[in-house]
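Next come the chains, spelled out residue by residue.
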Amino acid sequence: MPINRNTLLRYKTIDRMLRKGRRATLQELIDACSDALYEANGYGDVSRRTIQHDIQEMRQSNELGYYAPITVVDRKYYRYDDYDYSITNVPLSETDMRQLTEAVDLLKQMSSFKGFDDVEDVVNRLEDHVASMRYRVEPVILLESNSRLRGLEYITPLHDAIVDKEPVVVTYKPFQWPKAQQFCFSPYILKEFRNRWFVFGRRHDSPEPILLNLALDRIEDISPAPKKERYIKDKSFHPLQYFSEMIGVTRMMDDQPVHIVFRVSASQVPYVITKPLHQSQSEISHDDDGSAIFSIDVIPNFELERDILGFGEGITIISPESLATKLRERVRRMLDNYEKEENSENR
């Protein structure tokens, strides 16, 4: 019998409840699955027998290949024996691969229609990835990836919350915080930058309407918000405009774009031309020695500084002076670090 959408949603909910050493009673699993179905369909009433059958199927699922290590502790709690286990880590089945192939074929047909030009690049990468998995061949296209990246399991629940305009409870721990905090959060948009994911939204207990940026790899848990909490909309936040004025994801509330002029050495000019630092980049002049002067209009932030410093001596900031001064100080500190290291080696 084919696995339907509601069954998969229950499997996914049970998996979320038992991941990373968590444990749950049968009633807690029933309640969580009922809530998930209610949020997805507008109704949800899961029986005890249904969840018991789901657990048994997940343990020995020949069709989906889960073979989930679900055990009972203290005759009361369900949990995974393997701390790192998740059904999301299970290799795709032949049925999954066939459905993916059909989906890619449909997207290929769509890419030929007017208005779907941007889909073609995505389709090509998907088609290559699916083919390499299904036929065990070397891929033709290599995508940037990081197998150790954390937080990707939160993309789906956050995406669903954004689409459904539903708040969530987030357990979050930035690197500089001594311990995690839990708060209610209304997510607005997911943003990927250099193979790292972020979610932007509003924290409910914040006294000011500040747009908050959360890194998904610092999220420890996401759960549905209490029914009394209402989604907070922000009509002033326009994602396309917001991100078009900057590089990366770091921005203070009142930041405004700045006109930045910089010189590029002859050896780096081709790279800056073929891959502009920002969409606003324009060439001001080209010198006889092959160097050139460019400008961009962006909000100065950490990501911009990192991009400029990544070119080493190949890029020099001409204006504004405040950015040039800041980068000079960073370069001096870098030099100090190397000199200290050299001195320690010579002792």
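Computed from a predicted model, the values in this text were never measured in an experiment.

K.L.:
Can you lay out the packing of helix α9 (residues 302-310) against helix α10 (residues 321-346) for me, pointing to particular residues and giving the numbers?
P.N.:
Between α9 and α10, whose axes approach to 11 Å, the crossing angle comes to 65°. Crossing geometry of α9 relative to α10 is assigned as right-handed. Where α9 approaches α10, its residues F302, L304, E305, I308 and L309 are matched on the opposing element by L323, K326, L327, R330 and V331. For the contact of α9 with α10, a count of residues per class yields 7 nonpolar, no polar and 3 charged.

K.L.:
Quick one: what's the story with the packing of aromatic side chains, residue by residue and with numbers?
P.N.:
Aromatic ring pairs are reported here in terms of the distance separating the ring centres and the angle at which the planes meet. Enumeration over the complete set of coordinates arrives at 11 aromatic pairs. Judged by centre distance (6.1 Å) and plane angle (90°), the rings of Y172 and W177 are edge-to-face. You can call W177 partly exposed: its relative accessible area is 25%. Relative to F243, the ring of F200 has its centre 5.1 Å away and its plane inclined at 85°; by these criteria the two rings are edge-to-face. On the criterion of sequence distance, the pair formed by F200 in strand β6 (residues 196-203) and F243 in helix α7 (residues 239-244) is long-range, its members being 43 residues apart. For the pair F200 and F243, one class covers both residues: buried. The structure contains a cluster of three or more aromatic residues connected by ring pairs, namely Y188, F200, Y231, F237, Y242 and F243.

K.L.:
How would you explain helix α6 (residues 155-164) if you had to name every residue and give the values?
P.N.:
Of the positions making up α6, those classed as buried are L158, A161 and I162. For α6, the angular spread of the buried residues around the axis is 100°, confining them to a single face. One or two residues past the end of α6 sits K165, with phi positive at roughly 55°.

K.L.:
Explain a negative patch on the surface to me, using residue names and the numbers behind them.
P.N.:
On the surface, a cluster of negative charge is contributed by E28, D31, D35, E39, D160, D164 and E166. Elements with a contribution of two residues or more to the negative patch: α2 (26-41) and α6. Broken down by element, the negative patch gets its largest block of residues, 4 residues, from α2. Tracing the backbone through its elements, the reader meets D164 in helix α6.

K.L.:
Provide a residue-level description of the pairing of strand β2 (residues 70-73), including the pertinent values.
P.N.:
Successive residues of a regular strand alternate their side chains across the two faces of the sheet. Bridge count between β2 and strand β3 (residues 77-80): 4 bridges; the pairing is antiparallel. Bridge pairing in β3 links T71 to R79. Count of turn residues in the β2/β3 antiparallel hairpin: 3 residues, of which D74 carries a positive phi of about 55°.

K.L.:
Describe the pattern of salt bridges, listing the residues and the values that go with them.
P.N.:
A pair can form between side chains of opposite charge whenever their charged atoms are brought close. Applying the stated criterion to the full structure yields 14 salt bridges. R19 is the salt-bridge partner of D15, the closest N and O atoms lying 3.1 Å from each other. Salt-bridge contacts for D287 lead to R263; the nearest nitrogen and oxygen are separated by 2.6 Å. Pair noted here: D287 is in the loop between β10 (282-286) and β11 (292-298) and R263 is in strand β9 (residues 258-264), with a separation of 24 residues, a long-range link. Of the residues examined, R263 reaches a relative accessible area of 33% and is grouped as partly exposed. What you see here is one network of salt bridges that share partners, running through E305, K326 and R330.

What counts as what
Residues numbered from 1 in each chain as written. Predicted model: local features only at pLDDT ≥ 70, side-chain atom pairs only at ≥ 80, totals over all residues. Heavy atoms only, no water. Axes fitted to C-alpha atoms, helices over the stretch in contact; angles between N-to-C directions. Helix = DSSP H or I, 4+ residues; strand = E, 2+ residues; numbered from the N terminus. Left-handed = near helix turned anticlockwise from the far one by under 90°. Contact = heavy atoms within 4.5 Å. Nonpolar A, V, L, I, M, F, W, Y, C, P; charged D, E, K, R; others polar. Phe/Tyr/Trp six-rings, centres within 6.5 Å; stacked < 30°, edge-to-face > 60°. Buried < 20%, exposed > 50% of the residue type's maximum accessible area, 1.4 Å probe, protein only. Arc of directions from axis to C-beta. Patch = residues over 30% accessible without salt bridge, like charges linked within 9 Å, V, L, I, M, F, W, Y side chains within 5 Å. Areas by Shrake-Rupley, 256 points an atom, 1.4 Å probe, with all protein chains shown as cover. Salt bridge = Lys/Arg side-chain N within 4 Å of Asp/Glu carboxyl O. Lys, Arg positive; Asp, Glu negative; His and termini not counted. Charge placed at Lys NZ, Arg CZ, Asp CG, Glu CD. Pairing = 2+ DSSP bridges.

Remember that the coordinates give geometry; whether it matters functionally is a separate question.
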